[in-house]
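# A look at the structure
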Amino acid sequence: MNTRLLPLAGFLLLLALLGFGIWWSSTHDLRAVPSPLIGKPAPSFDLPLLYEPTRSFGSADLAGEPYLLNVFGSWCVACRDEHPILMREGKRLGIRLVGFNYKDEPDDAKRWLAQFGDPYDVVIADYPGKVAIDFGVTGAPESFLVDGQGIIRYKYISPITPQVIATELLPRIAAMRQEVAR
Amino acid sequence: MKPVQWASLLLAALVALVSLTSLAAVDPLPFKDRAEEVRFQNLTRQLRCLVCQNESLNDSSAPLAADLRRDVFEQMRAGKSDAEIKAWLTDRYSDFVLYEPPLRGGTLLLWFGPLVALLIGAGVVVTIVRKRATGVRAGPPPDTGEDDW
């Protein structure tokens, strides 16, 4: 090989590396931290209910049936994009939708749900953010799919879209139902 | 009051105001001594904030970072070692939370990739230099009419 072409080959290699980097960052969410909790039991917790702060609600009350834990907050702008999808398609999931109100003023959260509608079967409030850390929450919105045995099966970071429901959530929920039937 | 007294009063008010704002910017933790504070600072500097991912837990002003600093502090008080606290964090947030990832199969390329690239580069340089050296000893190369760069 002509050694004069070596620098050109090196340059083309660097160009290919750059191209790969651009492709990678456009197809992957670089901010999405991989969750080490997938396939592991969801942390046990007890939190006050948003609408009845004196009553606590926790993992024991949720055991036995699958549920989708949806982290949201009235302060979270992206949650406003996600909210209409949950209102419209939340029932399609066929499992309980648990609202996890994260680091939010209860009055703000209630006003937010009154204004946009409440898609949740139950809403729990984590003002200090301790349970959120046990779940490895990095922000809102985030969603955790938990099966009847209390195992976290899937985590989705960023707003749920109809496509995510169709391609990620519904197939997993169907698979979970089949496992139980067997 | 004399003008000098007025000025000193104004200065005192200003100092109080400035110290108030600087207090609001950080979350003061009740360190019992300097050694504990140094240990805390060293540990949180090795941890990555999950919200602003290019900031350490020590620098970040994100609410989650403040929560994690509080938890790290509580665990230090509970007598946990630095390694135990890091394990507690990676159980929840994966190795991502560590600025220095642990050495294991999947991270070998990360740790030694730069060294491999350096060795390849050194190999290329050595071969080129050797080739040139033998070329010189054999006499000047024939003029091909091309530019020599």
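An account of the accompanying structure is given in this report. Not measured: the values here are computed from a predicted model.

### Here we look at the environment of V146 of chain A
Residue position: V146 of chain A is located in strand 6 (residues 142-146). Between the C-alpha atom of V146 of chain A and that of E65 of chain A, which follows or precedes it by 81 residues, the distance is 8.6 Å.

### Re the interface of chain A and chain B
Taken together, the contacts link 20 residues of chain A with 22 residues of chain B. Buried area between chain A and chain B, both sides added, is near 1700 Å², and the carbon and sulfur share of it is 51%. Of all residues in chain A, the largest losses of buried area upon contact with chain B belong to R4, K130 and I133 of chain A, amounting jointly to 35% of the total for that side. The shortest N-O distance in the salt bridge between R92 of chain B and D134 of chain A comes to 3.0 Å. Our enumeration of links across chain A and chain B arrives at 7 residue pairs in polar contact (both at pLDDT 80 or more).

### Describing the state of the cysteines
Residues and elements named next belong to chain B. One pass over the full model with this rule turns up 1 disulfide over all chains. Between C49, a free cysteine, and C52, which holds the nearest cysteine sulfur, the sulfur-to-sulfur gap is 4.6 Å. C52 gets classed as partly exposed once you look at its relative accessible area, which sits at 31%.

### Overview of the packing of helix 2 (residues 34-45) of chain B against helix 3 (residues 63-77) of chain B
All names here are of chain B. Viewed as axis vectors pointing N to C, helix 2 and helix 3 meet at an angle of 130 degrees, and their least axial separation amounts to 11 Å. As summarised for this structure, helix 2 and helix 3 are arranged oblique, according to the angle between their axes. Of the two elements, helix 2 crosses helix 3, and the hand of that crossing is right-handed. For the pair formed by helix 2 and helix 3, the contact residues are E36, R39, F40, L43 and T44 on the first element and R69, V72, F73, M76 and R77 on the second. Considering only residue class, the contact of helix 2 with helix 3 consists of 5 nonpolar, 1 polar and 4 charged.

### Concerning the sheet that holds strand 7 (residues 152-157) of chain A
Residue and element names in this part refer to chain A. Here we have 5 strands laid out as an open sheet, ordered 5-4-3-6-7, and mixed in their pairing. For this open sheet the edge positions go to strand 5 (122-126) and strand 7, each flanked by a neighbour on one side alone. Neighbouring strand axes in the sheet, compared pairwise and without regard to direction, differ in orientation by 20 degrees on average. Of the strand pairs in this sheet, strand 6 and strand 7 are connected by 5 bridges, and their pairing is antiparallel. Looking at strand 7, one finds that S143 is bridged to Y156. Each of strand 3 (67-72), strand 6 and strand 7 touches helix 6 (residues 162-181); the most contacted strand, strand 7, lies at about 170 degrees to it.

### So, unusual backbone geometry
All names here are of chain A. Here the bond from A140 into P141 is cis, since omega is -5 degrees, no more than 30 degrees from zero. In this structure, P141 sits in the loop between helix 5 (130-134) and strand 6. Positive phi, close to 45 degrees, is recorded for K103, a residue that is not glycine. Exposure remark for K103: the relative accessible area of 24% places this residue in the partly exposed category.

### Some details on helix 4 (residues 106-116) of chain A
Residue and element names in this part refer to chain A. Inspection of helix 4 places A109, W112 and L113 among the buried residues, and these make up the whole buried set. The arc enclosing the buried residues of helix 4, seen along the axis, measures out at 95 degrees, which places them on a common side. What points out from helix 4, more than 90 degrees from its buried face, is the exposed set D107, R111, A114 and Q115. Taken together, the buried residues of helix 4 touch strand 3, helix 3 (77-89), strand 4 (96-102) and strand 5. Count one or two residues on from helix 4 and you reach G117, which has phi positive near 100 degrees.

Calculation notes
Residues numbered from 1 in each chain as written. Chains lettered and ligands numbered in written order. Predicted model: local features only at pLDDT ≥ 70, side-chain atom pairs only at ≥ 80, totals over all residues. Heavy atoms only, no water. Helix = DSSP H or I, 4+ residues; strand = E, 2+ residues; numbered from the N terminus. Contact = heavy atoms within 4.5 Å. Buried area = accessible area lost by both parts, 1.4 Å probe. Salt bridge = Lys/Arg side-chain N within 4 Å of Asp/Glu carboxyl O. Polar contact = N/O pair within 3.5 Å; in protein donor to acceptor, adjacent residues only side chain to side chain. Disulfide = S-S within 2.5 Å. Buried < 20%, exposed > 50% of the residue type's maximum accessible area, 1.4 Å probe, protein only. Axes fitted to C-alpha atoms, helices over the stretch in contact; angles between N-to-C directions. Parallel < 35°, antiparallel > 145°, perpendicular 65-115°, else oblique. Left-handed = near helix turned anticlockwise from the far one by under 90°. Nonpolar A, V, L, I, M, F, W, Y, C, P; charged D, E, K, R; others polar. Pairing = 2+ DSSP bridges. Arc of directions from axis to C-beta.

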